[in-house]
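# Structural characterization, general
Next come the chains, spelled out residue by residue.
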Amino acid sequence: MDLTYTEEEEAFRAGLRDWLAVALPELPPRPPPDDWPARRAHDSAWQRALHDAGYADVHWDASPTRRLIFLEETEKAGAPYVGANFVGLLHAGPTVAAEGTREQRERWLPPILRGDEIWCQGFSEPDAGSDLASLRTRAVRDGDSYVVTGAKIWTSHAEVADWCELLVRTDPEAPRHRGISWLAMPMDAPGVTVRPLRTLAGSTEFAEVFLDEVRVPVGNRVGEENDGWRVTMVTLSFERGTAFVGEVVACRRTLAALARTAREDGRWEDAVLRRRLGRLNAEFGALWRLTQWNVSEAEATGGIPGTGGSVFKLRYSHARQELYDTAAEVLGPDALDLSREWTLDRLSSLSYTIAAGTSQIQRNIVAERILGLPKER
């Protein structure tokens, strides 16, 4: 498989670098972590800048390779990540682009690209755990609307979102994977209650969402009724396939900074630490190559990442935790200082083996869909 870049792709890279060199110095400072209205405004302003410069469509209206280049270069330059726009740009938007009708694409994609509308993800439920297909939130058809009742948890960016990509059960009698539908729910609809959740790191990017007979138009359903599980697999393929690309670049940059810090404070003399840093360097180098492979595969199969995204997500989650455990060794007693960036990153890394599908779920996918092993009985 050819993992090199074409002349046209390298020209895109060079133009992006030139634009970032001009745009980033003009960007205002990032607001405090807990001021989500301010963070939404900051992240949306950056997205509007990308839109006006012609770079906003890389997440679904460009080739996977161009998307990879964009994420690599913006991360290297220290540009803001998608932030509050995460779900819209990397999950809901690509799903609507791939599965939505022309009217749905025209309604939802431009506001996401301009940074005008923010989305959250309403998949997980308090009683479902990692078994997403056991969700209980009900949607009962009433004329041209669904009446939705239930609860969601770990709903990313719900407190500042305009829309929610929502999984509901539309046929409780059908086999559990076949009675689910994918809806776009307006967050200002009557009956929606949002309760922010504070994480171990002290942030509130997640929330509980309670739904009390919320009416959602049938026209907001993406895909056919009861075909939501298949649509969800499209969403999750994006979440596991390319959504973490920028973070791999960030981890490689952190690894280089760890090595510099270890040399400065004398910890570099520890042979065990040096071996760990060397192994992590090889690990993230391999993850980057795996990312390129997954992108090349997506390019050949219509732009949607395949099951290789589960291999990547599984290994990346553990490698990230190992990286920040090593950072704690380098920091020593300072690893307990919550004002240190690496300390907060270490706390957040604990969630990566759970978020976007637990490691256990990823192993099942790899075993059944890639290795062809029999399903658990």
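Check the entry above for the structure.
Notes on the structure in this doc start here. (Residues numbered from 1 in each chain as written. Predicted model: local features only at pLDDT ≥ 70, side-chain atom pairs only at ≥ 80, totals over all residues. Heavy atoms only, no water.)

### Some thoughts on the overall build of the chain
Short version of the rule: Helix numbering and strand numbering both begin at the N terminus, where a helix is a DSSP run of H or I of at least 4 residues and a strand a DSSP run of E of at least 2. Per-residue accessibility, obtained with a 1.4 Å probe over protein chains only, is compared with the maximum for each type, and a residue is labelled buried under 20%, exposed over 50%, and partly exposed between these values. Using the Shrake-Rupley algorithm and a 1.4 Å probe, accessible areas are obtained, with residue cover drawn only from the displayed protein chains.
Within the chain one finds eleven helices and eight strands. The buried share among the 377 residues of the chain stands at 52%. Accessible surface, the chain: about 17500 Å² in total, of which carbon and sulfur atoms supply 52%.

### Here's the deal with the pattern of salt bridges
For clarity, the threshold we go by: The working definition used for a salt bridge is a side-chain nitrogen of Lys or Arg within 4 Å of a carboxyl oxygen of Asp or Glu.
All chains considered together, the criterion is met by 23 salt bridges. Between Arg102 and Glu106 there is a salt bridge; the shortest N-O distance is 3.2 Å. You can see Arg102 and its partner Glu106 sitting in helix H5 (residues 102–114), four residues apart, about one turn around the helix. The network of salt bridges with shared partners includes Glu10, Arg13, Arg17, Glu72, Glu73 and Lys76.

### A closer look at the environment of Leu20
In plain terms, the rule: The contact criterion used is simple: two residues touch if any of their non-hydrogen atoms lie within 4.5 Å.
For Leu20, the location among the structural elements is in helix H1 (residues 7–23). Remark: the alpha-carbon pair of Leu20 and Glu73, spanning 53 residues in sequence, is separated by 8.8 Å. Setting aside anything within four residues of it in sequence, one finds Leu20 in contact with Pro25, Trp46, Glu73, Thr74, Ala77 and Ala79.

### A closer look at the packing of helix H2 (residues 36–53) against H5
Spelled out, the test is: Working convention: axes come from line fits to C-alpha atoms, limited for helices to the stretch in contact. Angles between N-to-C directions cover 0 to 180 degrees. Should an angle fall under 35 degrees it is taken as roughly parallel, and over 145 as roughly antiparallel, whereas 65 to 115 is taken as roughly perpendicular and any remaining angle as oblique.
Where H2 contacts H5, the two axes come as close as 7 Å, and the packing angle between them is 105°. Taken together, the axes of H2 and H5 are roughly perpendicular relative to one another. Every residue of H5 that contacts H2 at Ser44, Gln47, Arg48 and His51 is listed here: Ile112, Leu113 and Arg114.

### As for the packing of aromatic side chains
So the rule is basically this: Planes of paired rings set the category: under 30 degrees apart is stacked, over 60 is edge-to-face and the rest tilted, where pairs are Phe, Tyr or Trp rings (Trp by its six-membered ring) whose centres lie within 6.5 Å. In this scheme, Lys NZ or Arg CZ marks a charge over a ring once it lies within 6 Å of the ring centre and within 35 degrees of the ring normal.
Enumeration over the complete set of coordinates arrives at seven aromatic pairs. Summarising the aromatic geometry, the rings of Phe12 and Tyr55 are spaced 5.8 Å apart at their centres and angled 65° between planes, so their arrangement reads as edge-to-face. Of this pair, Phe12 sits in helix H1 while Tyr55 sits in the loop between H2 and helix H3 (64–76); the two residues are 43 residues apart in sequence, bridging distant segments of the chain. According to the relative accessible area criterion, Phe12 is buried, its value standing at 11%. Pairing Trp154 with Phe206 gives two aromatic rings, centres 5.9 Å apart and planes at 85°, and the pair type is edge-to-face. Highlighted residues: Trp154 in the loop between strand E3 (145–152) and strand E4 (163–169) and Phe206 in strand E7 (residues 206–217), separated in sequence by 52 residues. Note on Trp154: relative accessible area 49%, which makes it partly exposed. Taking relative accessible area as the criterion, Phe206 reaches 23% and is therefore assigned partly exposed. Taken together, the ring pairs connect Phe12, Trp19, Trp46 and Tyr55 into an aromatic cluster. In this structure, Arg263 packs its charged tip against the face of Trp268, placed 4.0 Å from the ring centre.

### Overview of empty space enclosed by the protein
Filter applied, for reference: A cavity here means a set of points on a 1 Å grid, drawn over the protein atoms and nothing else, where a 1.4 Å probe fits but cannot get out; a pocket is an open set with protein on both sides within 12 Å along at least five of seven lines, and a residue lines either one if it has an atom within 4 Å of a point. Grid points are joined across faces, edges and corners, and a volume is the space filled by probe spheres set on the points. Nonpolar residues are Ala, Val, Leu, Ile, Met, Phe, Trp, Tyr, Cys and Pro. Charged residues are Asp, Glu, Lys and Arg, and all others, Gly as well, are polar.
This model, assessed by the stated rule, comprises two cavities of 30 Å³ or more. Looking at the largest cavity, its volume works out to about 120 Å³. Lining the largest cavity are 13 residues; nearest its centre among them are Phe70, Thr74, Pro80, Tyr81 and Val82. Elements that contribute at least two residues to the lining of the largest cavity include exactly H2 and H3. At four residues, the largest contribution of residues to the lining of the largest cavity is made by H3. Looking at side-chain class alone, the lining of the largest cavity contains eight nonpolar, four polar and one charged residues.

### A closer look at the packing of H1 against H3
We count it as follows: For any helix crossing, the convention is left-handed if the near helix is rotated counterclockwise from the far helix by under a right angle, and right-handed if that rotation is clockwise.
Between H1 and H3, the shortest axis-to-axis distance is 10 Å and the interhelical angle comes to 30°. With respect to H3, the axis of H1 lies roughly parallel. Remark: the crossing between H1 and H3 carries right-handed chirality. Across the interface between the two elements, Glu8, Glu9, Phe12, Arg13, Leu16, Arg17 and Leu20 of H1 pack against Thr65, Arg66, Ile69, Phe70, Glu72, Glu73 and Thr74 of H3. Across the contact of H1 with H3, the residue classes tally to five nonpolar, two polar and seven charged.

### Let's talk about the pairing of E4
Each regular strand shows side chains that alternate between the opposite faces of the sheet. So the rule is basically this: Whether two strands pair depends on DSSP finding at least two bridges between them.
Buried residues dominate E4, accounting for seven of its seven residues. Bridge analysis of strand E1 (residues 119–122) against E4 gives four bridges, and the strand direction is parallel. Bridge pairing in E4 links Trp119 to Trp163. Relative to strand E5 (residues 180–186), E4 is paired through seven bridges, and the arrangement is antiparallel. Bridging from a neighbouring strand, Glu165 pairs with Ala184 of E5.

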